[in-house]
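Letter by letter, the chains look like this.
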Number of protein chains: 2
Amino acid sequence: MPLEDTNNSSLHSGQLMHRRTPNLEESTPTLYADIENDTTSKSLTSNGNIQQRTKKRHWRHRIPRLGKGIYLDLCDRLPYYVQDWKDSWDYRVIPSLIETYFNNLLPAIAFAQDMFDRTDNSYGVNEILLSSALGGIIFGALAGQPLCIVGVTGPIAIFHYTVYEIIKPLHTNYFGFMFWIDLWALIFHLIMAFTNMVALLQYVTTFPCDIFGLFINVVYIQKGIQILIRQFHKTSSENNDNVVSGFASIVVALVMTIFGFFFKQFYRLPFLPHKWRKFISDYATALSVLFWSGFVHFGGYLNNVDFQYLPISKSYFPTSKIGRDPKTWLAYAEISTKDIFIALPFGIILTILFYFDHNVSSLMAQRSQYKLTKPSSFHYDFALLGVTTVVAGVLGIPPPNGLIPQAPLHTESLLVLDRDNNVVRCVEQRFTNTVQGLLMLGTMTRPLLVCLGQIPQAVLSGLFFIMGIQGLTDNEIINRILWFFTDPVIKANEKPLNPLSKVRLRSFLIFIAFGLAGFVGEFAITNTIAAIGFPLILLLSVIVSFIFPKIFTREELEILDPPVAQKFTIKNLLLENLCNENEPSTEEEEEITMISALQASSLFSSTATRTDNDSSFDSSVPDNNDMTSAGSLSIAKSNANTTYPNKKTETSINIHNS
Amino acid sequence: MPLEDTNNSSLHSGQLMHRRTPNLEESTPTLYADIENDTTSKSLTSNGNIQQRTKKRHWRHRIPRLGKGIYLDLCDRLPYYVQDWKDSWDYRVIPSLIETYFNNLLPAIAFAQDMFDRTDNSYGVNEILLSSALGGIIFGALAGQPLCIVGVTGPIAIFHYTVYEIIKPLHTNYFGFMFWIDLWALIFHLIMAFTNMVALLQYVTTFPCDIFGLFINVVYIQKGIQILIRQFHKTSSENNDNVVSGFASIVVALVMTIFGFFFKQFYRLPFLPHKWRKFISDYATALSVLFWSGFVHFGGYLNNVDFQYLPISKSYFPTSKIGRDPKTWLAYAEISTKDIFIALPFGIILTILFYFDHNVSSLMAQRSQYKLTKPSSFHYDFALLGVTTVVAGVLGIPPPNGLIPQAPLHTESLLVLDRDNNVVRCVEQRFTNTVQGLLMLGTMTRPLLVCLGQIPQAVLSGLFFIMGIQGLTDNEIINRILWFFTDPVIKANEKPLNPLSKVRLRSFLIFIAFGLAGFVGEFAITNTIAAIGFPLILLLSVIVSFIFPKIFTREELEILDPPVAQKFTIKNLLLENLCNENEPSTEEEEEITMISALQASSLFSSTATRTDNDSSFDSSVPDNNDMTSAGSLSIAKSNANTTYPNKKTETSINIHNS
């Protein structure tokens, strides 16, 4: 993704992160128990007096109150609400709006085609556009963090047609069933948001994200191929015609992919000034769709081809005529009580998927290099996501959630850069997200819908290829495998040396094997009857990542598997904030805590026994020094909570696109 | 071409070249008159005494004797003949043989298809293979310089089908007519070889070579497209089937081009150790042809396609059944006297084409970085080329000539490299060229011919695309245009700075415009009835390059338009050697000449008037200093002949692939 273009090295300078265990040892072990907690607590009993004191201090902070996260989020964001609209008066808003609209629209219609084909036309362009509009308007206007673009994603498309296939034998109403899934999902969303379980997000590392990214991009390519295969044997009855359309579609998709990918990657080439290069890359996909949709009308032998186009239906009305009343968007139909409870596990799976997909999207839209100044809002936004999900259920459309890479691209398009392409500030406002949602609604009007209906399916296939290949080139698993096969001479001469060269070969290979195993499992399952379980594999990969400290050294994990979230962004996910009854501590208080942390750590370093095999004992003193320059909130405090010998030290990290 | 991989900078270190006017002012002005001679001879009369002495010394040297060049070539190479065979006992010979065979075979069959289609089947695979075999065996065994691979080239294919189209209305026998063209060509070849006119080669700069290279590679791509278009409307009468075959062929050609080009360029990527990368690149084309020929049999919808294959005919017999007796290779048929003289201008055009194409191929196969130690042989080889041409005329096959890039690739495959990829030596021998010729003959046997007959025409189209794109990426005109559009920031940070940045923008643009005009003229003419004239455009571009000193400064021309030939390689083309009645001078004699040259130049520097506008007067003293390290023969001597104020100084050069 073009995101990689921005100098990532800046990331390594100032941000500090908790690794998995930080400041949670103090809280309820039943909920947050870590595999290492038992051993550590034993080894620390000798330092009883210190622990006693610390425990006493934080006794009342161990369980965050119900809804505390949402409360904190609202406290943070509400004061900015009016300003968010006022800040929309900025030049950057217009180009950002155009770019975001196309970035959102094009993959959406590709998914529309896919869902149309695989749910017997239950969903079409109208549904996808309405879902994107719903997401954009609600999240633009009402979300805590209005920068996160939501819409219809690849995984949600897979989820929907898999549910469709599964419940077909049940002879229940599909839209009624989907409504119940969404309602269950709302309930779980609300439970998770109010019990502050979104805080668990801070333990998600890049490992599952990379697997997810690889999976999604391979699925994109697979979808492109599936669309092309469908061109061979649809439409008319005559056999030959279809073969012509099949091969001609492959030609269009291939040529479009070649040109689209070339121009998409244009910013990597040395030609033209940087701004122009970036411009060409940014609009490559949109212009590719435009040009190659026109191309099929160029005449010659193309006239002999019976191309199939994106199917459109009556403007502002549902696509499906089966299972729902095509005159209204209220899709709910009664289903049996048994089916309602069959929908429950699907609701859980949907919640897991959204928990992961939406929150990671949101995190990526708030990466530290974007220099955002307004606070984040994970708890409240997740609750809001539950609401949009059930609204989508009522309307009989796929529920929107956070989009990668559209969400981070949106933030990027709002950056104000200086002459040397350094970020000056980001235009944080609610206009772009809301209005791109409204534009989606506008796209549902007849004239624009007819335009969309002129897009050949071959072009959608090419669109999938471009998205997939683009994503693969940025995937960390792929890049590491490529790095592994890089000429040792070239590796040795790299400046600066790739951090991966510090990892032992054995560790490197084991880690890659884990990643590939995760991907293969994920991809394999979507091609079986159990496809619906793919978010569970995702969850499994998160769980697997918790045993990594047993296999890899701390230094290796810092390189191979850094956490996704960054301190500043996830402030309201941290227990010390969630459990604090008061407002965030003053600077004086922090300083005192820091001193006690220093004392504690120096005591530990002389008495504690080492429990971790590979990781050398690292007192938090040098970390504290680093932190003073980190610009993160309540760092000293968190240190006071985490001075254990085998804690994973806080490290600077880099978020990888997934 | 992969040639560019080797470090070209070595070229800039030691080789010294004459620029256009060197050591010719002394010789017959009628033959070699240069535009600048008149002014210079006038301006130099004041130095009469020195000139008198120089003139006296070289009086008898002004016109080289008939056949002197051939004599010198034979004197140089004959003593090596037995050694050339003995030197074949070397490990490098086997991989080189395999690589050269495939490098030669694959484009040859692509041209076979092209000529087959455009001459009503007068030529086929058999003719092309026989021509390649003839060239390989004769040049391997009998040429002075056995490293230059000869075979059927793109231009000769164009020449043949254009002649075919032109003489169709004459109702004369095509093979008889071609025989006469070849016979006329032989006569002109012999005239040029014996009158030492091959020496003119030293005035050819890279300008026409680059135009020729651009032209040829664009024609390759054009041919690939033409083959694909033909897939739409050949074979069966049913209309639809052809469209299927057309689009399916495009698919095969496109996918093959993508993979073939990717692997061909693999050596540029950082992956795998250098040797492996190079290996993959070297065999990419051959393996692409193999794989994609098999691909069409993979089944599925490909079974619905009626692919067309490379047409083959009876082994060891001529393809054509019209205009020649298909039982014998003696193709000559009597034609009218009028037609014999109509063939004459075609013979001249063929000679011009071969003069340029063959000699430049030969030069490129002997570039200085290959560190050849055995002498070159341009005069004799050109005479030999005349002989093979007429033999081809008798057999009714297209005459072979020097191949780019096969000839330089052949030399490269014979290099012995040290661990750091520096050239240690080149295995200069006669085995590889001769035996690859014999292998071509072996390829004409039935089983192998049937294998060739399995190659779909779509794959040949892909082959043309790969060759064409590959050639374009190495073309100097294209690279300069790309450089022009390169981000100024990147250009400024290049280390070392591209020499082009020293050229004034105006000069740069004018030069590029000349190049493009030449290409457009060349390409346009081949698409008209006057296609046959394309070698004349080539000749015109050589002539145009003679006015460049009036437009560009000397420094600019050294960068924009260096001579193709290098001193050591073209020793027998230099007049001081051609006109010297004795054997090459001893070292003592050279030293004396050098001293007199130094005296002469210092005298000139104080008295001569500047006649050249832009080029500052440059005494040859520093040049002489450079030359002592150049390792070239009789350098000082040539300087003694060329100490004129407005001579184009000798510069180090780089040969560009064309």
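Each value, and the rule that gives it
Residues numbered from 1 in each chain as written. Chains lettered and ligands numbered in written order. Predicted model: local features only at pLDDT ≥ 70, side-chain atom pairs only at ≥ 80, totals over all residues. Heavy atoms only, no water. Helix = DSSP H or I, 4+ residues; strand = E, 2+ residues; numbered from the N terminus. Buried < 20%, exposed > 50% of the residue type's maximum accessible area, 1.4 Å probe, protein only. Contact = heavy atoms within 4.5 Å. Least-squares fit on C-alpha atoms with pLDDT ≥ 70 in both. Salt bridge = Lys/Arg side-chain N within 4 Å of Asp/Glu carboxyl O. Polar contact = N/O pair within 3.5 Å; in protein donor to acceptor, adjacent residues only side chain to side chain. Expected span 1.5 Å × (residues − 1). Phe/Tyr/Trp six-rings, centres within 6.5 Å; stacked < 30°, edge-to-face > 60°. Lys NZ or Arg CZ within 6 Å of the ring centre and 35° of its normal. Buried area = accessible area lost by both parts, 1.4 Å probe. Pairing = 2+ DSSP bridges. Axes fitted to C-alpha atoms, helices over the stretch in contact; angles between N-to-C directions. Parallel < 35°, antiparallel > 145°, perpendicular 65-115°, else oblique. Left-handed = near helix turned anticlockwise from the far one by under 90°. Disulfide = S-S within 2.5 Å. Patch = residues over 30% accessible without salt bridge, like charges linked within 9 Å, V, L, I, M, F, W, Y side chains within 5 Å. Areas by Shrake-Rupley, 256 points an atom, 1.4 Å probe, with all protein chains shown as cover. Core = buried A, V, L, I, M, F, W, Y, C linked by side-chain atoms within 4.5 Å. Nonpolar A, V, L, I, M, F, W, Y, C, P; charged D, E, K, R; others polar. pLDDT = per-residue confidence, 0-100.

**Let's talk about the overall build of chain A**
- Each helix and strand in chain A was counted, giving 29 helices and six strands.
- In chain A, which comprises 658 residues, the proportion classed as buried is 63%.
- Considering only contacts in chain A between residues 6 or more positions apart, those separated by 24 or more positions represent 84%.

**A closer look at the relation of the copies chain B and chain A**
- In the superposition of chain B on chain A (RMSD 0.0 Å, axial shift 0.0 Å), the rotation amounts to 180°. The superposition of one copy onto the other is thereby described by a two-fold rotation axis. For chain B, the smallest separation between a C-alpha atom and the rotation axis is recorded for Val-244 of chain B, amounting to 2.4 Å.
- Comparing interface residues between copies, 100% of those in chain B also lie at the interface in chain A; the contact surface is shared.

**Here we look at the pattern of salt bridges**
Residues and elements named next belong to chain A.
- Per the counting criterion, the structure on display carries 32 salt bridges over all chains.
- For Arg-504, the salt bridge goes to Glu-556, with nearest N and O atoms at 2.6 Å. With Arg-504 in the loop between helix H21 (488-493) and helix H22 (505-526) and Glu-556 in helix H25 (residues 554-560), this pair connects stretches of sequence that are 52 residues apart.
- Among the residues examined, Arg-504 registers a relative accessible area of 35% and is labelled partly exposed.
- Judged by its relative accessible area of 4%, Glu-556 falls in the buried class.
- Glu-558 is the salt-bridge partner of Arg-554, the closest N and O atoms lying 3.5 Å from each other.

**Brief notes about the side chain of Thr-319 of chain A**
All names here are of chain A.
- With respect to the helices and strands, Thr-319 occurs in the loop between helix H13 (274-295) and helix H14 (337-364).
- A polar contact is formed between the side chain of Thr-319 and the side chain of Glu-127, at a distance of 2.6 Å.
- Within the structure, the side chain of Thr-319 is placed 3.5 Å from the side chain of Ser-313, a separation counted as a polar contact.

**Digging into helix H19 (residues 457-474) of chain B**
- The end-to-end C-alpha distance of H19 of chain B, which contains 18 residues, comes to 26 Å, matching closely the 26 Å that a straight helix rising 1.5 Å per residue would cover.
- Among the 18 residues in H19 of chain B, 16 count as buried, and that is most of the element.

**Some details on the environment of Cys-148 of chain B**
Residue and element names in this part refer to chain B.
- With respect to the helices, strands and loops of the structure, Cys-148 is situated in the loop between helix H8 (125-142) and strand E2 (150-151).
- Residue Cys-148 is classed as buried on the basis of its relative accessible area of 1%.
- Along the sequence, Cys-148 and Asn-359 sit 211 residues apart, while their C-alpha atoms lie 9.4 Å from each other.
- Excluding anything up to four places from it in sequence, Cys-148 contacts Phe-139, His-358, Ser-361, Ser-362, Ala-365, Gly-402, Ala-407 and Asn-433.

**Some points on the packing of aromatic side chains**
- All chains considered together, the criterion is met by 78 aromatic pairs over all chains.
- Their ring planes at 50° and their centres at 5.7 Å tell us that Trp-184 of chain A and Phe-341 of chain A sit as a pair that is tilted. Here Trp-184 of chain A, found in helix H10 (residues 174-194), pairs with Phe-341 of chain A, found in helix H14; they are 157 residues apart in sequence, far enough to count as distant.
- Residue Trp-184 of chain A is classed as buried on the basis of its relative accessible area of 13%.
- Arranged with centres 4.8 Å apart and planes meeting at 85°, the rings of Phe-291 of chain B and Trp-292 of chain B form a pair that is edge-to-face.
- For Phe-291 of chain B, a relative accessible area of 43% translates into the label partly exposed.
- Given the relative accessible area of 7%, Trp-292 of chain B is considered buried.
- Taken together, the aromatic side chains of Phe-179, Trp-180, Trp-184, Tyr-332 and Phe-341 of chain A make up a single cluster linked through ring pairs.
- Over the face of the ring belonging to Phe-317 of chain A we find Lys-314 of chain A, whose NZ or CZ atom lies 4.3 Å from the ring centre.

**Looking at the interface of chain B and chain A**
- Each partner contributes residues to the interface: chain B has 31 residues there, and chain A has 31 residues.
- With both chains or domains summed, chain B and chain A bury close to 2,600 Å², and 73% of this area falls on carbon and sulfur atoms.
- Viewed at the interface, chain A and chain B are joined by two salt bridges.
- The closest approach of N and O atoms between Asp-487 of chain B and Arg-277 of chain A, which form a salt bridge, is 3.0 Å.

**Here we look at the side chain of Gln-308 of chain B**
- Within the element layout of this structure, Gln-308 of chain B appears in the loop between helix H13 (274-295) and helix H14 (337-364).
- Only 3.4 Å separates the side chain of Gln-308 of chain B from the side chain of Gln-231 of chain B, close enough to count as a polar contact.

**Some details on the pairing of strand E5 (residues 423-426) of chain A**
Residue and element names in this part refer to chain A.
- Relative to E5, strand E4 (residues 415-417) runs antiparallel, the two sharing three bridges. Its bridge partner being in E5, Leu-415 is matched across the sheet by Cys-426.
- Counted along the chain from E4 to the antiparallel partner E5, the turn is five residues long, and its residue Asn-421 has a positive phi close to 65°.

**Let's talk about the packing of helix H7 (residues 93-118) of chain A against helix H19 (residues 457-474) of chain A**
All names here are of chain A.
- The contact between H7 and H19 brings their axes to 10 Å, and the two run at 120°. Considered as vectors, H7 and H19 are oriented oblique to each other. In terms of crossing hand, the pair formed by H7 and H19 is left-handed. Contacts from Leu-106, Pro-107, Ile-109, Ala-110, Phe-111 and Gln-113 of H7 reach H19 at Gln-457, Leu-460, Leu-463, Phe-464 and Met-467.

**Observations concerning the state of the cysteines**
Residues and elements named next belong to chain A.
- Enumeration according to the criterion identifies zero disulfides over all chains in this entry.
- Cys-148 provides the cysteine sulfur closest to Cys-426, a residue in no disulfide bond, and the two sulfurs are 13 Å apart.
- The class of Cys-426 is buried, set by a relative accessible area of 8%.

**Some details on a nonpolar patch on the surface**
- A cluster of nonpolar side chains, namely Ile-258, Phe-259, Phe-262 and Phe-263 of chain A together with Ile-258, Phe-259, Phe-262 and Phe-263 of chain B, defines an oily patch on the protein surface of about 670 Å² accessible area.
- Only helix H12 (239-264) of chain A together with helix H12 (239-264) of chain B provide two or more residues apiece to the nonpolar patch.
- If you trace the backbone, Phe-262 of chain A turns up in helix H12.

**Focus: unusual backbone geometry**
- Here the amide bond leading from Ile-404 of chain A into Pro-405 of chain A is cis, since omega sits at 5°, within 30 degrees of zero.
- Checked against the element boundaries, Pro-405 of chain A lands in the loop between strand E3 (401-402) and helix H16 (406-413).
- Notably, Leu-272 of chain B is not glycine yet its phi reads approximately 65°, a positive angle.
- Counting through the fold element by element, Leu-272 of chain B comes out in the loop between H12 and H13.

**Concerning the nonpolar core**
- Of all hydrophobic cores here, the largest spans 289 residues; its most connected members are Val-163 and Phe-247 of chain A together with Phe-159, Val-163 and Phe-247 of chain B.
- If sequence neighbours within four positions are ignored, Phe-247 of chain B has contacts with Val-244, Phe-247, Ala-248, Val-251, Tyr-301, Leu-302 and Val-305 of chain A together with Phe-232 of chain B.

**So, helix H5 (residues 68-77) of chain B**
Residues and elements named next belong to chain B.
- Burial runs high along H5: seven of the ten residues are buried.
- What H5 keeps buried is the set Lys-68, Gly-69, Ile-70, Leu-72, Asp-73, Asp-76 and Arg-77.
- Where H5 is buried, its residues contact helix H6 (81-86), helix H10 (174-194), helix H15 (378-395) and helix H26 (575-578).

**Some details on the packing of helix H20 (residues 476-484) of chain A against H22 of chain A**
All names here are of chain A.
- The geometry of H20 relative to H22 is characterised by a closest axis approach of 11 Å and an angle of 145° between their N-to-C directions. In this structure, H20 crosses over H22, and the sense of that crossing is left-handed. Listed contacts from H22 to Ile-477, Arg-480, Ile-481, Trp-483 and Phe-484 of H20 are Leu-505, Phe-508, Leu-509, Phe-511, Ile-512, Gly-515 and Leu-516.
- Grouping the constituent residues of the contact of H20 with H22 by class yields ten nonpolar, one polar and one charged.

**Structural notes on the confidence of the model for chain A**
All names here are of chain A.
- Taken over all residues, the pLDDT of chain A has a mean of 78, while the share at 70 or more is 77%.
- Every residue in residues 1-56 scores below 50 in pLDDT, and together they form 130 contacts with partners more than four places removed in sequence or on other chains.
- Ignoring residues within four places in sequence, the model shows residues 584-658, a span with pLDDT below 50, making 158 contacts including any to other chains.

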